[in-house]
Amino acid sequence: MINETDGNQFPPHIEKDNKIYVFSTDLCRSLYLEYEKNVFIRGISAYRFTTPTKLFGNPSTNPSNKCFCTDPQSCLHDGTIELSACQQGSPVVASTPHFYQGSSKYREDVIGFKPEKTKHETYLDVEPMTGLVLNGRKGIQLNVYVKQNSYIAGLTNIKDVLMPLAWLSESASLDEEKAEDFRWQVQTPVKIGTGTTLAAVVVGSLWTLLAAGAAIFFST
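Quantities reported herein were computed from a predicted structural model and do not represent experimental measurements. (Residues numbered from 1 in each chain as written. Predicted model: local features only at pLDDT ≥ 70, side-chain atom pairs only at ≥ 80, totals over all residues. Heavy atoms only, no water.)

Undergrad: Can you explain unusual backbone geometry? Please cite residues and give values.
TA: Phi is positive for H13, which is not a glycine, with a value near 60°. Its place among the elements puts H13 in the segment before β1 (19–24). The phi torsion at F99 lies on the positive side, around 55°, for a residue other than glycine. Note that F99 resides in the loop between β5 (92–95) and α1 (104–109). (Helix = DSSP H or I, 4+ residues; strand = E, 2+ residues; numbered from the N terminus.)

Written as structure tokens, this is what we have:
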């Protein structure tokens, strides 16, 4: 199923309890992110949305992923997604960098992994009123499943292991020039509009009180 956008912009008036959906061409599937916290990007308030732990969960922990594993007996552990159907039969498995949010089994099988939230999570910082993405980062790790094989030298005495090939990180952030444009073209008019509306309400209330006072005065 294809949901929502390519991740550059979302509908306006984003709420904290919304899930935001992005279609990933790398993974050939839709992903969703959930609200985590408020952040400020160059002085502009935004909501940070991150990928939840269960997003790439095994079907036993996240039943909505059962269509990504056609053979229940060979489903991968949490934090991975098998890409052979997406990548023309290539035996590639995707995960988050350093198996962040993934099964500890994969980290224990290979020496040197140290998953860190600040380095390896995927997130988008969204300005809630407009739905514009001000800042973001995505990370992906590519792996191959190496299995014991008595017919291939070098694979006869190994245990099955998910072997990392490389991990990639892409990020983008609003620069100061664009932030200044946003403040002048969006935030300032909103503040002026809000101020004008409040002034109109106050003036309207005063006129109502004056009219009522005049009516009482002339009726006596």
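Undergrad: So what's going on with the environment of S104? Residues and values would help.
TA: Here S104 lies in helix α1. Distance from S104 to H77, taken between C-alpha atoms, is 9.2 Å for residues 27 residues apart in sequence.

Undergrad: For the nonpolar core, give the residues involved together with the corresponding values.
TA: Among soluble globular proteins, nonpolar side chains are generally buried collectively. If you look at the biggest cluster of nonpolar residues, it comprises 10 residues: L27, L31, Y32, L55, F56, I81, L83, V92, A94 and I140. Every element with two or more residues in this core is listed here: β2 (29–41) and β5. Residue contacts for L31: discarding those within four places in its chain leaves I20, Y21, V22, S24, L55 and F56. (Core = buried A, V, L, I, M, F, W, Y, C linked by side-chain atoms within 4.5 Å. Buried < 20%, exposed > 50% of the residue type's maximum accessible area, 1.4 Å probe, protein only. Contact = heavy atoms within 4.5 Å.)

Undergrad: Describe the pairing of strand β6 (residues 123–126), listing the residues and the values that go with them.
TA: Residues of β6 alternate between two faces, with Y123 and D125 on one and L124 and V126 on the opposite face, all of them buried. In this sheet, β6 lies alongside strand β3 (residues 44–50) in antiparallel orientation, the contact comprising 4 bridges. From the neighbouring strand, Y47 faces β6, where its bridge partner is V126. Where β6 and strand β7 (residues 133–146) come together, 4 bridges link them in antiparallel fashion. (Pairing = 2+ DSSP bridges.)

Undergrad: Which residues make up the side chain of H98, and what are the values?
TA: Summarising the element assignment, H98 is placed in the loop between β5 and α1. Owing to a relative accessible area of 14%, H98 belongs among the buried residues under this scheme. A distance of 3.1 Å separates a polar atom in the side chain of H98 from the backbone nitrogen of K114. Apart from the residues lying within four places of it in its own chain, the contact partners of H98 are R107, G112, F113, K114, P115, H120, Q141 and W167. (Polar contact = N/O pair within 3.5 Å; in protein donor to acceptor, adjacent residues only side chain to side chain.)

Undergrad: Would you mind going over the pattern of salt bridges in detail, with residue names and values included?
TA: Following the criterion strictly, the structure yields 11 salt bridges and no others. Salt-bridge contacts for E121 lead to K117; the nearest nitrogen and oxygen are separated by 2.9 Å. Classification of K117 as partly exposed rests on a relative accessible area of 36%. Connected via shared salt-bridge partners are R42, E176, E180 and R183. (Salt bridge = Lys/Arg side-chain N within 4 Å of Asp/Glu carboxyl O.)

Undergrad: Can you tell me about the packing of aromatic side chains, naming the residues and giving the values?
TA: The final tally for this structure, using the stated rule, is 5 aromatic pairs. Arranged with centres 5.4 Å apart and planes meeting at 80°, the rings of Y35 and Y47 form a pair that is edge-to-face. Here Y47 lies in strand β3 and Y35 lies in strand β2, a separation of 12 residues in the sequence. Ring centres 5.3 Å apart and planes at 65° place the aromatic pair F99 and F113 in the edge-to-face group. (Phe/Tyr/Trp six-rings, centres within 6.5 Å; stacked < 30°, edge-to-face > 60°.)

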